[in-house]
Number of protein chains: 2
Amino acid sequence: MADNKIIVDAFGGDNAPLEVIKGCVKASNELGAKIILTGDSAKIKKCAEENGIDIGSLEIVHADDVFDIHDEPKEIIKSGSNSSMAVGLKLLADGKGSAFVSAGSTGALVMGSTFIVKRIKGIKRIAPSPVLPADKGSFLLADAGANTECRPEMLVQFAIMGSAYMEKVMGKKNPKVALLNIGAEETKGRDLDIEAYKLLERSGLNFVGNIEARDMPKGEVQVVVTDGFTGNIALKLYEGMGSFFSKKIRWIFSGAGKIGALFSLGKIREFRKQMDYKEVGGSVLLGVRKPVIKAHGSSDSLAFFNAVRQAQKCIDGNVTGEIEAYVSRLASAEKE
Amino acid sequence: MADNKIIVDAFGGDNAPLEVIKGCVKASNELGAKIILTGDSAKIKKCAEENGIDIGSLEIVHADDVFDIHDEPKEIIKSGSNSSMAVGLKLLADGKGSAFVSAGSTGALVMGSTFIVKRIKGIKRIAPSPVLPADKGSFLLADAGANTECRPEMLVQFAIMGSAYMEKVMGKKNPKVALLNIGAEETKGRDLDIEAYKLLERSGLNFVGNIEARDMPKGEVQVVVTDGFTGNIALKLYEGMGSFFSKKIRWIFSGAGKIGALFSLGKIREFRKQMDYKEVGGSVLLGVRKPVIKAHGSSDSLAFFNAVRQAQKCIDGNVTGEIEAYVSRLASAEKE
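A short tour of the structure in this document, coming up.

Cut-offs used in this document
Residues numbered from 1 in each chain as written. Chains lettered and ligands numbered in written order. Predicted model: local features only at pLDDT ≥ 70, side-chain atom pairs only at ≥ 80, totals over all residues. Heavy atoms only, no water. Buried < 20%, exposed > 50% of the residue type's maximum accessible area, 1.4 Å probe, protein only. Helix = DSSP H or I, 4+ residues; strand = E, 2+ residues; numbered from the N terminus. Pairing = 2+ DSSP bridges. Core = buried A, V, L, I, M, F, W, Y, C linked by side-chain atoms within 4.5 Å. Contact = heavy atoms within 4.5 Å. Least-squares fit on C-alpha atoms with pLDDT ≥ 70 in both. Axes fitted to C-alpha atoms, helices over the stretch in contact; angles between N-to-C directions. Salt bridge = Lys/Arg side-chain N within 4 Å of Asp/Glu carboxyl O. Phe/Tyr/Trp six-rings, centres within 6.5 Å; stacked < 30°, edge-to-face > 60°. Lys NZ or Arg CZ within 6 Å of the ring centre and 35° of its normal.

## Things to note about the pairing of strand 12 (residues 292-295) of chain A
Logical step 1: Burial along strand 12 of chain A is two-sided: Val292(A) and Lys294(A) facing one way and Ile293(A) and Ala295(A) facing the other are all buried.
Logical step 2: Between strand 11 (residues 282-286) of chain A and strand 12 of chain A, which pair antiparallel and follow one another directly, the connecting turn spans five residues, one of which, Gly287(A), has a positive phi of 110 degrees.

## Some words on the nonpolar core
Logical step 1: Core analysis: the biggest nonpolar cluster contains 64 residues, and Val8(A), Leu37(A), Leu140(A), Phe158(A), Tyr165(A) and Ile323(A) have the highest contact counts within it.
Logical step 2: At ten residues, helix 5 (residues 152-168) of chain A tops the list of elements feeding residues into this core.
Logical step 3: Residues contacting Ile323(A), with those up to four places away along its chain left out, are Ile120(A), Ile123(A), Met161(A), Ala164(A) and Leu286(A).
Logical step 4: Among the nonpolar cores identified, the runner-up in size contains 63 residues, and Ala99(B), Ala103(B), Met161(B) and Met166(B) belong to it.

## Digging into the relation of the copies chain B and chain A
Logical step 1: Least-squares fitting of chain B to chain A yields an RMSD of 0.0 Å, with the superposition described by an axial translation of 0.0 Å and a rotation of 180 degrees. The superposition operator between the copies reduces to a two-fold rotation axis.

## So, the sheet that holds strand 4 (residues 99-102) of chain A
Residues and elements named next belong to chain A.
Logical step 1: Here we have seven strands laid out as an open sheet, ordered 3-2-1-4-12-11-5, and mixed in their pairing. Lying at the two open borders of the sheet, with one neighbouring strand each, are strand 3 (59-62) and strand 5 (127-129). With direction set aside, neighbouring strand axes in the sheet form an average angle of 25 degrees.
Logical step 2: Pairing between strand 5 and strand 11: three bridges, direction antiparallel. Bridged to Ala127 within strand 11 is Leu286.

## A short note on the pattern of salt bridges
Logical step 1: In total, this model carries 30 salt bridges over all chains according to the counting rule given.
Logical step 2: Arg190(B) is the partner of Asp227(B) in a salt bridge, and the nearest nitrogen-oxygen pair spans 2.8 Å. With Asp227(B) in the loop between strand 10 (223-225) and helix 7 (228-253) and Arg190(B) in the loop between strand 8 (177-181) and helix 6 (191-201), this residue pair connects regions lying 37 residues apart in the sequence.
Logical step 3: Note on Arg190(B): relative accessible area 9%, which makes it buried.
Logical step 4: Linked by salt bridges that have partners in common, Glu212(A), Arg214(A), Lys236(B) and Glu239(B) make up one network.

## Let's talk about the packing of aromatic side chains
Logical step 1: In the structure shown here, the tally under the stated rule is seven aromatic pairs over all chains.
Logical step 2: Aromatic pair Phe139(A) and Tyr238(A): ring centres 5.8 Å apart, planes at 80 degrees, arrangement edge-to-face. You can see Phe139(A) sitting in strand 7 (residues 139-142) and its partner Tyr238(A) sitting in helix 7 (residues 228-253), a full 99 residues away along the chain. Across the pair, Tyr238(A) and Phe139(A) agree in class, each one buried.
Logical step 3: On the basis of an interplanar angle of 80 degrees and a centroid distance of 5.1 Å, the ring pair of Tyr197(B) and Phe207(B) is categorised as edge-to-face. Of this pair, Tyr197(B) sits in helix 6 while Phe207(B) sits in strand 9 (residues 207-212), placing them ten residues apart in sequence.
Logical step 4: Assessed through its relative accessible area of 10%, Tyr197(B) is described here as buried.
Logical step 5: Chaining the aromatic ring pairs together yields one cluster made of Phe244(A), Phe245(A), Phe244(B) and Phe245(B).
Logical step 6: Residue placement shows Arg190(B) over the ring face of Phe229(A); its charged tip is 3.6 Å from the ring centre.

Next up, the structure:
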């Protein structure tokens, strides 16, 4: 099983390759992760040397290019693509590693995962699914942006996959699933939502009904499903409000003086840590045959470290196997 | 012109009729607003008496019933409806007043406004449009929840109406209009968004392109348009994140001690005031022939006072007339 190696795109994100390298060395040292870096071998070695980092524990697979974040996602699957992302995806598809982490273009990663690594049998669409911080505990949001137009059965699949992830990776037993909607009643929303509600009720999942957006920050459910357009709006507003309020808290506090700061600093730190996406790792691309993690574009070494840890947990929890088994059980139940 | 009276539903919202009465008396005293309250006359008088409030300056038009928030919105237009909301809408339609304020059911208010007061000629849909607080100044969001399925031309109408409102009522010259979308490029989003983008570019409005949800709290544009489903998700997440962070700020501050509190209290108050929907009034129902303001369901007397002031500003700025003129100019330009 390829020794459960984790492949990491060394040239994805704003802070590549230095922060990627630092995060991977940390993961190698502290978690014992076996890591393959993809990307320009000479550049990786030069960067490590210049920064005095020992990368002896990391394997490197060379790739000439970097996938340009501004390129059309479909470029990733063109023959001859030799970007660090495409090479990483091919290694994953060929079984040379057990999971892949990249902070590159989400569109390209979804496209490449779909056509190079392939989807789990029966799964219609891949859904990038971040785990978001909330008051009573974090929750997974699917789809957070890949599929702008969805059919009701896709939302049910997102719910199945999200439940498996929250249980196997995040350790939440029997996770509560909710449909993001504009009211509590099952008659609310678009045709998509009304139909998805009915299907979710019959899914055998722990479906608790609709959730209104205002209740998301409470963290009372563990999986929130919606189409990729709505999910992307919700995700980015969640992040944007987080930044806005962080800024405001700093501003408010700038007047509190040293004595006030002494009393509150610990709490501010705790709150920031709770709301920091870097602590979570990245968005898992649910539906791919093997774990693929999209790290945030602005990831630093800590975020990459956590993304590798997240990939490790996906492997250990056999999330893709669980989803595959669930979907095939559903399919045979439907045949009966 | 009916002396520009403002009709107020005395029995809408969680705190009716007491907070409605208090807010209206304050508006009458401080703004010189001429107010007609609709609702059970005996109950209004009893409530005022019990609370020692002089309502001599308010006119009352009796209505037997209250529209039940759990009723189907269409009940509002059934013949014989004698709820405080329906009576208010009929007074407005009949020219007995120049604007209407209610904190009752949004669905019923949209339905009643559409069929009793009617839409502005040429306007396809009514859009409840709150003005939301943001860092550099507030912005209007349309549609915030009435029309879950929209056509591209409806979004353009929301933009036209929102621009007129921000200019005439909020005093923002040449307001910037943006389309809520999942990326900056004009090719992003659903068919609805791609098509609406093209139409907005040709609209003659100050259209600045797509806005991603994470940039909403920055307040760099004054009008944000989207369909009513997405708008409702965005609105409620905006409110929900606001409550969540307010709670967190209190929690953080509970450790700052009295000295820290002394330094920061002013800033906390300023921030809370900036983020408080009560300061804004309510959501204007854009597209109705006369100004209709939906006050928040949990409005207190200050929120009602501000909603009356907002109604007054709509009358003074002749917002509905401006929209009507704009739409008819557009229609004749299209004929040429």
